[in-house]
Amino acid sequence: MRKLIEFHMVVHPVIVGEGRRLFTEMSLPEGLGLKLVASNTLKSGCVALRYERI
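Residues numbered from 1 in each chain as written. Predicted model: local features only at pLDDT ≥ 70, side-chain atom pairs only at ≥ 80, totals over all residues. Heavy atoms only, no water.

**Q** Would you mind going over the pairing of strand β3 (residues 47-53) with me for this structure?
**A** Successive residues of a regular strand alternate their side chains across the two faces of the sheet. Sheet analysis places strand β1 (residues 6-11) next to β3, joined by six bridges and oriented antiparallel. Directly across from Glu6, in β3, lies its bridge partner Glu52. Bridge count between strand β2 (residues 34-41) and β3: seven bridges; the pairing is antiparallel. By the bridge assignment for β3, Ala38 is matched with Arg50. The antiparallel pairing of β2 with β3 creates a hairpin that spans five residues between the two strands, and Gly45 there sits at a positive phi of about 100 degrees. (Pairing = 2+ DSSP bridges. Helix = DSSP H or I, 4+ residues; strand = E, 2+ residues; numbered from the N terminus.)

Laid out in structure tokens, this is it:
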């Protein structure tokens, strides 16, 4: 079985008044054991995030 070593996420900034909200509907444990190790703002305004296990 493989274990999570890194987690990459790209955040797209969007202003919308209605619709499904991703993070309010998710139920994740508080202590996921991840630490932000890098962030990069792209020309498009998106933010690329890289997390590693601690």
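After that view, the rundown keeps rolling.
**Q** Is there a simple way to think about the confidence of the model for the protein in this case?
**A** Fine structural detail should not be taken from predicted coordinates in areas where pLDDT scores are low. Here the protein shows a mean pLDDT of 81. Residues at 70 or above account for 76%. No element of the protein has a lower mean pLDDT than helix α1 (residues 22-25), which averages 65, and none a higher one than β2, which averages 92. (pLDDT = per-residue confidence, 0-100.)

**Q** I'm lost on the pattern of salt bridges in this one. Help?
**A** Any two side chains of opposite charge can pair, so long as their charged atoms come close to each other. Tallied over the full model, the rule gives two salt bridges. Note that Glu52 and Arg50 form a salt bridge whose closest N and O atoms lie 2.9 Å from each other. For Glu52, a relative accessible area of 31% corresponds to the partly exposed category. Connected via shared salt-bridge partners are Glu6, Arg50 and Glu52. (Salt bridge = Lys/Arg side-chain N within 4 Å of Asp/Glu carboxyl O. Buried < 20%, exposed > 50% of the residue type's maximum accessible area, 1.4 Å probe, protein only.)

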